[in-house]
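Below are the chains, spelled out letter by letter.
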Amino acid sequence: MAKDGAAGRAARASVWLVDRPRRSGRGGGQPSGLDRERITEATVRLLDAEGLARFSMRRLAAELNVTAMSVYWYVDTKDDLLELALDAVHGELRLPAPEDDTADWREQLRALAHEYRALLVRHPWLSPLVGTYLNIGPNSLAFSRAVQRVVRRTGLPAHGVSGAISAVFRFVYGYGTVEGHFLASGADSGMAPDDCFRRSVETVTGAPETLERDFVFALDLLIAGIEAMTARG
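Residues numbered from 1 in each chain as written. Predicted model: local features only at pLDDT ≥ 70, side-chain atom pairs only at ≥ 80, totals over all residues. Heavy atoms only, no water.

Looking at an unreviewed UniProt entry, one finds the protein named TetR/AcrR family transcriptional regulator, with Streptomyces broussonetiae as its source organism.

Written as structure tokens, this is what we have:
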């Protein structure tokens, strides 16, 4: 692992913490027809289609049919764009209503886990970015707060909440990451992603439906563990 590079990324200011003034010096006046939302949407499309390794500012500019300097009117770096894309896809997650504190926390936790797994599978480029940036955009924070609200309702002591969240969602992160990368590798090899993934699963488990069964069973084990710890007080 390149520790210096990782430290450099960690030290950079988040795009969500910088009140960046418009700088006409890099790209002239404000490009017509562009805004951060459109640029972020195009970034997500490119990442979905071509992956993280192939993404570049020049490729994005070509997708938008503008010059690279036009994009720099809205963002300083490629890191800014990746951080914006990271938060944008978190907006796809369906979250329980903040005021809904009567629903079964088990079902809400299962729903959040399935949502997060599906997000990682839809966007295989997402998992590397989760460990690179601060994840403090509005959609990422909304997801984190929803998870915290649900887990606090389990009855666990306050000092156990973060551990329970880590147990459940680091498991989901790992499961969804592997699943998403299998699908992406199928697309890169020219094989239909479903066929590639099915063959990979059959090699390991013997049947494609086993993947879903194992995820559900493992998640139930974690929820049962939370229940057991709550009962212990």
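Draft legend 1. Local environment of a nonpolar patch on the surface. Together, W16, L17, V18 and L134 make up a nonpolar patch on the protein surface, roughly 380 Å² of accessible area in all. By secondary structure assignment, the location of L134 is in the loop between helix 8 (126–130) and helix 9 (138–152). When its relative accessible area of 49% is taken as the criterion, L134 is described as partly exposed. (Patch = residues over 30% accessible without salt bridge, like charges linked within 9 Å, V, L, I, M, F, W, Y side chains within 5 Å. Areas by Shrake-Rupley, 256 points an atom, 1.4 Å probe, with all protein chains shown as cover. Salt bridge = Lys/Arg side-chain N within 4 Å of Asp/Glu carboxyl O. Helix = DSSP H or I, 4+ residues; strand = E, 2+ residues; numbered from the N terminus. Buried < 20%, exposed > 50% of the residue type's maximum accessible area, 1.4 Å probe, protein only.)

Draft legend 2. Structural detail: the layout of surface pockets. There is about 510 Å³ of room inside the largest pocket. Lining of the largest pocket is provided by 16 residues; of these, Y116, V130, S144, I165 and F169 occupy positions nearest its centre. Among the elements of the structure, helix 9 and helix 10 (161–188) are those that each provide at least two residues to the lining of the largest pocket. Among the elements that take part in the lining of the largest pocket, helix 10 stands out by supplying six residues, more than any other. Grouping the amino acids of the lining of the largest pocket by side-chain chemistry returns seven nonpolar, eight polar and one charged. (1 Å grid on protein atoms, 1.4 Å probe; cavity = no way out; pocket = protein on both sides within 12 Å on 5 of 7 lines; lining within 4 Å. Points joined across faces, edges and corners; volume = space filled by probe spheres on them. Nonpolar A, V, L, I, M, F, W, Y, C, P; charged D, E, K, R; others polar.)

Draft legend 3. Up close: the environment of L47. By the element assignment, L47 lies in helix 3 (residues 36–50). Remark: the alpha-carbon pair of L47 and L82, spanning 35 residues in sequence, is separated by 9.2 Å.

Draft legend 4. Local environment of the nonpolar core. Grouped together as the largest cluster of nonpolar side chains are 54 residues, with contacts concentrated most on L60, V71, L109 and F169. Here this core gets eight residues from one element, more than from any other, and that element is helix 10. In this structure, V71 is in contact with I39, M57, L60, A61, L64, V66 and L81, ignoring residues within four places of it in sequence. (Core = buried A, V, L, I, M, F, W, Y, C linked by side-chain atoms within 4.5 Å. Contact = heavy atoms within 4.5 Å.)

Draft legend 5. Broad picture of the packing of aromatic side chains. Counting across every chain of the model gives seven aromatic pairs. Clustering of aromatic rings is evident, with ring pairs tying together Y116, F143 and F169. Its end group placed over the ring of F215, R117 keeps NZ or CZ at 4.4 Å from the ring centre. (Phe/Tyr/Trp six-rings, centres within 6.5 Å; stacked < 30°, edge-to-face > 60°. Lys NZ or Arg CZ within 6 Å of the ring centre and 35° of its normal.)

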